[in-house]
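Here are the chains, one letter per residue:
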Amino acid sequence: MKEELLQKLRASLISLDIEAAIRFTEKMILIGIPVSDIIDKALLKAMRVLSHDFDEGKIFIPQLLVAADTFENIMNIIARHMNSRETIYCGKVLVYTVEGDIHDIGKNIIASIFKVNGFEIMDLGRNIPAELVLEKAERYNPNLIIGFALMTTTFPALKDFIDLLNENHLRDKYKMIVGGRAVPLSWAKKIGADGYASNVFEAIDLAHKLIKI
């Protein structure tokens, strides 16, 4: 039953059958299938297939946006379920996509999953200059900052924020993770980021290690 439902959810999201995807999600929550399995074994696997199909030219931006909206709607359903139970507050996380990068699907997926895992999310959006990130960080004092770059031409902009922290003698005040499909681990190390995550669950584990509430 469990594996069959997970497969049906994957298939419905890949085929952009929104009603079926929501129906299977609600059924799995009702019968007690772990949220971690729903996310990891169905939703994220489906989104990886869709991302690959987009790269191969099999689907286009409109279909990818429908999938992303469906994913977010499903995560809202999961979040409501989680809110009905006692959850542990894990800290405040500020997320953004760097200046020059208009892609935010990956960031939105990360933000949605962080929310259901007990993190308070402050999403600045996409194409955000380093100066604005610092302004918002100083205003809201997040426990962690996550910067995303989804293009090979924009990932160098992640360094701009760390440089700005250093210039203002604030580097020790903020913890920063960098990520995104365009970001190499070597670059994260080179610019002095506090961490690098290649997937959402690595990011969550790293966030727990860096945040001390």
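What you see is a predicted model; the values in this text were computed from it and never measured.

Student: So what's going on with the pairing of strand S3 (residues 144-148)? Which residues, and what values?
Tutor: With five of its five residues buried, S3 lies for the most part within the structure. Of the two faces of S3, the one holding Leu144, Ile146 and Phe148 and the one holding Ile145 and Gly147 are both buried throughout. In terms of strand pairing, strand S1 (residues 91-97) meets S3 through five bridges, oriented parallel. Among the inter-strand pairings, Leu94 is bridged to a residue of S3, identified as Ile145. Pairing geometry for S3 and strand S4 (residues 176-179), over four bridges, is parallel. By the bridge assignment, Phe148 is partnered in S4 with Gly179.

Student: So what's going on with the pairing of S4? Which residues, and what values?
Tutor: Neither face of S4 is open: one carries Met176 and Val178, the other Ile177 and Gly179, and all of them are buried. Where the polypeptide runs from S3 across helix H7 (residues 158-167) and back to S4, its parallel neighbour, the crossover connection is right-handed. Alignment of S4 against strand S5 (residues 195-196), held across two bridges, turns out to be parallel. The partner of Ile177 across the bridge, within S5, is Gly195. A crossover links S4 with its parallel partner S5, the connecting element being helix H8 (residues 185-191), and its sense is right-handed.

The rules behind the values
- Residues numbered from 1 in each chain as written.
- Predicted model: local features only at pLDDT ≥ 70, side-chain atom pairs only at ≥ 80, totals over all residues.
- Heavy atoms only, no water.
- Buried < 20%, exposed > 50% of the residue type's maximum accessible area, 1.4 Å probe, protein only.
- Helix = DSSP H or I, 4+ residues; strand = E, 2+ residues; numbered from the N terminus.
- Pairing = 2+ DSSP bridges.
- Right-handed = clockwise from strand over helix to strand, strands pointing away.

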